[in-house]
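Summary of structural features
Listed below are the residues making up each chain.
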Amino acid sequence: MKSDKTDFIREIINNDLKEGRYKKIHTRFPPEPNGYLHIGHAKAICLNFDIAEEYGGKCNLRFDDTNPTKEELEYVDAIKQDIKWLGYDWEEREYYASDYFEKLYDMAVDLIKKGKAYVCELSPEQIREYRGTLTEPGKESPYRNRPIEENLRLFKEMRDGKYPDGAMVLRAKIDMASPNLNMRDPVMYRIVHTSHHRTGDKWCIYPTYDWAHGQCDSIEGITHSICTLEFQDHRPLYDWFIEQLGIHHPRQIEFARLNLTYTVMSKRRLLELVEGGYVQGWDDPRMPTLSGMRRRGYPPAAIRKFCRNIGVAKTESVVDIELLEHFVREELNKTAERRMAVLNPLKVVIINYPEDKTEELEAINNPEDTSAGIRKIPFSKVIYIEKDDFMENPVPEFYRLAPGREVRLRYAYFIKCVDVIKDKNGDIVELHCAYDPATKGGNAPDGRKVKATLHWVSAKHCTIGEVHLYEHLFIKEDPLDTSGPGDFKDNINPNSLRILKNCRLEPSLSDVKAGTVFQFERLGYFCVDPDTKGNCPVFNRTVSLKDEWEKIKKRKIKE
RNA sequence: UGCCCGGUGGUGUAAUGGUAACACACCGGCCUUUGGAGCCGAGGUUCGAGGUUCAAAUCCUCGCCGGGCAGCCA
């Protein structure tokens, strides 16, 4: 089976199949359970699961849990939830590197017996010194030529807990003069007296990633081990292990990890944001984590589409976050029901509308999807419109409401502003407008046109809600770009979260389910936050609508 | 100054020796009961210099620039 997509990875796979190197395709996604998954992981998940599906193969989920000091069960559960949410299924193939600890141990013994590994008692500092530098070869450890029997005994004793942390390690015996530092007798096992979230206290020696990873892939029959660029230099080491052991040889292919503008993507830095209280948690809607995006209202379909669209290559690159937002808008435009909500309310009294009258007006739920149907919205004498939709002294480019000007209220009537009411400070507190009864529904029988259509809610009928507006978490396209001392946290955007507590929502928004995303007409997409309680819904702005007027305003400020 | 990898519009990916394509962004226009959506159009000669060839983004050489590697992290 072939794929019609032609990135360099699929090309290699096509070729391997053609040449008969592998009969079936088997990939894997191998996260370390030491943090939450982010959009960069999504790229790897989509790659591995999509490839497996395209070629009629399988993709395993395997947790790389070789370091008990950093890994936790909480992360395992979160990772599983995120992958499922993204839309992928590893079926019964949920594996752990720790499942193979015994096999790995046996393989290490095999290597010792072959004279290819030895127990070394150099301290970590000494190992570093002996390793040499980028330009100078290293020198051999005095323990390098220990008799095999002694290595066997010592390694067993390491496992049996006879030695404290750091006392000795098992090292591969390769080449201390190799120009590739990974080949200078790398560590395979270290002593760590820490219980493991799965194996408990069964082990006090743990394999390093470099030793474990390739063998785990081999054991699972993985054909293509897709990983990120920084492991390129390790490939010769992985190949060496596999060859010494004489076991199934997966092909490793490296690709460039995803970077996004205005985003940090390392787990270390994300952890720092969480632990330092710069955000409210791993699932803070400003985080690039999958759980953050879920809470923000990003549809998984949009993330998948994004991951497929950015392509895969070896060039290190930074993708514009607007591309992600584009796919979010594209998906939500098709699926999200429209509602009207006024974020910054300005009171409008329709002076010629009867005092106690209420009309039910019809509104379309989603113009992109007629099956979404229609709903009724109440209209009455006093309404709210958006403050930004009125300008007392309008600039030429502004064609919304202004003194003496007529606009349309969406699905309702044409109104004309006849009076501007101000308080003693001169701030506008209320508008008086006259409506034209003949324009009910939004069209004038005489054919006259208005330039703008405004969203609104009826004051008497609306419900109050809280809205969270988000901006990029960082003010710089590259958050790591810091001048002078300090670090990326100095680039945090102080306005990344703005809370509006006095928003007026159309009545249908009083009873909503967490996770639902609506389009608030003319404003953007908003997702019901799980923390919504009682009768005051909380909405997270997923993404704004593209806004021509906003662009014009910015341009005018620049001039 | 060792080894490995990479350089195509603003951004990201295509083009696999034969007219540099697509998406996003940007700019201009059309349309519009969302300044949304949709539609149409403009913008690059492929890091540089040589070479091979009828023909080079693609092959070769030499540069230049960027990234990774000296954890008992992954």
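Relevant structure appears above.
Note that this is a predicted model, so its numbers are computed, not measured.

1. Description of the nonpolar core
With 51 residues, the main nonpolar core has Ile9, Ile39, Ile83, Leu260, Ile303 and Phe306 as its most contacted residues. When residues of this core are assigned to their parent elements, the largest contribution, nine residues, is made by helix α2 (residues 39–54). Those residues within four positions of Leu260 in sequence are excluded, and the remaining contacts are Ile39, Met265, Phe306, Val318, Val319, Asp320, Ile321 and Leu324. Judged by nonpolar contacts, the second largest core, of 39 residues, contains Ala117, Tyr206, Trp240 and Leu245.

2. Observations concerning unusual backbone geometry
Although it is not a glycine, Tyr262 adopts a positive phi angle of roughly 60°. As for its position among the elements, Tyr262 is in the loop between β9 (251–255) and α9 (267–275). Despite not being glycine, Tyr411 shows a phi value in the positive range, around 65°. For Tyr411, the location among the structural elements is in the loop between β16 (406–409) and β17 (414–422).

3. Section: a positive patch on the surface
Among the surface-exposed residues, Lys546, Lys551, Lys554, Arg555 and Lys558 lie close enough to one another that they form a single positively charged patch. Checked against the element boundaries, Lys558 lands in helix α13 (residues 548–558).

4. Points about the sheet that holds β17
Here we have seven strands laid out as an open sheet, ordered β19-β16-β17-β18-β12-β15-β20, and mixed in their pairing. Strand pairing shows two members of the sheet lacking a second neighbour, β19 (453–454) and β20 (456–458), which therefore form its edges. In terms of strand pairing, β16 meets β19 through two bridges, oriented parallel. Looking at β19, one finds that Arg408 is bridged to Thr453.

5. Comments concerning the protein's contact with RNA strand B
Close to RNA strand B lie 67 residues; Glu11, Glu316, Arg338, Arg400 and Gly441 are nearest. Restricting attention to atoms of RNA strand B within 4 Å of the protein, one finds that 61% of them are sugar or phosphate atoms. Contacts to RNA strand B include Tyr209, whose backbone N or O atom sits 2.9 Å from a phosphate oxygen. Ranked by residue count, the leading element in the surface near RNA strand B is α13, at five residues. For the surface near RNA strand B, the residue count by class is 22 nonpolar, 19 polar and 26 charged.

6. What about the sheet that holds strand β7 (residues 205–207)?
Hydrogen bonds between backbone atoms are what pair the strands of a sheet, whose relative direction is either parallel or antiparallel. Taking strand neighbours across the sheet as the criterion, the four strands line up as β4-β5-β6-β7 in an open arrangement whose pairing is antiparallel. In this open sheet, the two strands that pair with only one neighbour each are β4 (117–120) and β7. The average angle at which neighbouring strand axes cross in this sheet is 20°, direction not considered. Summarising the sheet, strand β5 (residues 169–172) and strand β6 (residues 187–191) pair through three bridges and their orientation is antiparallel. The residue bridging Arg171 from the neighbouring strand is Val187, located in β6. Its contacts with the sheet place helix α6 (residues 148–159) against β4, β5, β6 and β7, and it is angled at close to 60° to β4.

7. Side note on empty space enclosed by the protein
Counting across every chain of the model gives one cavity of 30 Å³ or more. What lines the largest cavity is simply His213, Gly214, Asp217, Ser225, Arg235, Tyr238, Asp239, Ile242, His249, Pro250 and Gln252. Of all elements in the fold, only α7 (209–219) and α8 (235–245) reach the threshold of two or more residues within the lining of the largest cavity. By residue number, the principal contributor to the lining of the largest cavity is α8, which donates four residues.

8. Points about the packing of helix α4 (residues 101–113) against α6
Two elements in contact, α4 and α6, have axes whose closest approach is 9 Å; the angle formed by their N-to-C orientations is 160°. Put simply, α4 runs roughly antiparallel to α6. Judged by the twist between their axes, the crossing of α4 over α6 is right-handed. Mapping the contact onto sequence places Glu102, Tyr105, Ala108, Val109, Ile112 and Lys113 in α4 and Ile148, Asn151, Leu152, Phe155, Lys156 and Arg159 in α6. Within the contact of α4 with α6, the residues separate by chemical class into seven nonpolar, one polar and four charged.

9. Overview of α2
The end-to-end C-alpha separation of α2 is 22 Å, in line with the 22 Å expected for 16 residues at 1.5 Å each. Among the 16 residues that make up α2, 14 are buried, leaving the element largely enclosed by the rest of the structure. Looking at the residues trailing α2, positive phi occurs at Gly56, about 65°.

The rules behind these values
- The numbering scheme is per chain: residues are counted from 1 as the chain's sequence reads.
- Working convention: letters from A go to chains and numbers from 1 go to ligands, in the order in which they are written.
- In keeping with the model being predicted, local features are shown solely for residues with a pLDDT of at least 70 and side-chain atom pairs are shown and tallied solely at 80 or more, while totals for entire chains, interfaces and linings include all residues.
- The side-chain figures draw on all heavy atoms in the structure; neither hydrogens nor water molecules are used.
- Definition of nonpolar core: a set of buried residues of the types Ala, Val, Leu, Ile, Met, Phe, Trp, Tyr and Cys, connected through side-chain atoms within 4.5 Å.
- Burial here depends on accessible area, computed with a 1.4 Å probe over protein chains only, as a share of the maximum for the residue type. Under 20% is buried, over 50% is exposed, and the range in between is partly exposed.
- Secondary structure is summarised from DSSP: a helix means a run of H or I of at least four residues, a strand means a run of E of at least two, and numbering begins at the N terminus for each.
- Any two residues whose heavy atoms approach within 4.5 Å at even a single point are treated as in contact.
- Patch membership needs two things, relative accessible area over 30% and no salt bridge, and members are linked within 9 Å if like-charged or within 5 Å if nonpolar (Val, Leu, Ile, Met, Phe, Trp, Tyr).
- Here, Shrake-Rupley sampling with a 1.4 Å probe gives the accessible areas, and only protein chains in the shown set may cover a residue.
- Here, a salt bridge means any Lys or Arg side-chain nitrogen found within 4 Å of an Asp or Glu carboxyl oxygen.
- None of His or the chain ends enter the tally, which takes Lys and Arg as positive and Asp and Glu as negative.
- Taken as the charge location is NZ of Lys, CZ of Arg, CG of Asp or CD of Glu.
- Between any two strands, pairing holds if DSSP finds at least two bridges.
- Note on terminology: near, applied to a residue and a molecule or strand, indicates that one of the residue's heavy atoms is within 4 Å of it.
- Polar contact is defined as a pair of N or O atoms within 3.5 Å, subject to the rule that within protein one atom must be able to donate a hydrogen and the other to accept it, and that residues adjacent in sequence are counted only when both atoms are side-chain atoms.
- Note that Gly is not counted as nonpolar here; it falls among the polar residues with everything else outside the nonpolar set of Ala, Val, Leu, Ile, Met, Phe, Trp, Tyr, Cys and Pro and the charged set of Asp, Glu, Lys and Arg.
- Axis geometry follows a simple rule: fit a line to the C-alpha atoms, using only the stretch in contact for helices, then measure angles between N-to-C directions, giving values from 0 to 180 degrees.
- Lining residues are defined by having an atom within 4 Å of a point belonging to a cavity or pocket. Those points lie on a 1 Å grid over the protein atoms alone, cavities being sets where a 1.4 Å probe fits but cannot get out and pockets being open sets with protein on both sides within 12 Å along at least five of seven lines.
- Grid points are joined across faces, edges and corners, and a volume is the space filled by probe spheres set on the points.
- Comment on the angle field: the value is read as roughly parallel under 35 degrees, roughly antiparallel over 145, roughly perpendicular from 65 to 115, and oblique elsewhere.
- Two helices that cross are described as forming a left-handed crossing if the nearer one is turned anticlockwise from the farther one by less than a right angle, and a right-handed crossing if clockwise.
- A helix is expected to span 1.5 Å multiplied by its residue count minus one.

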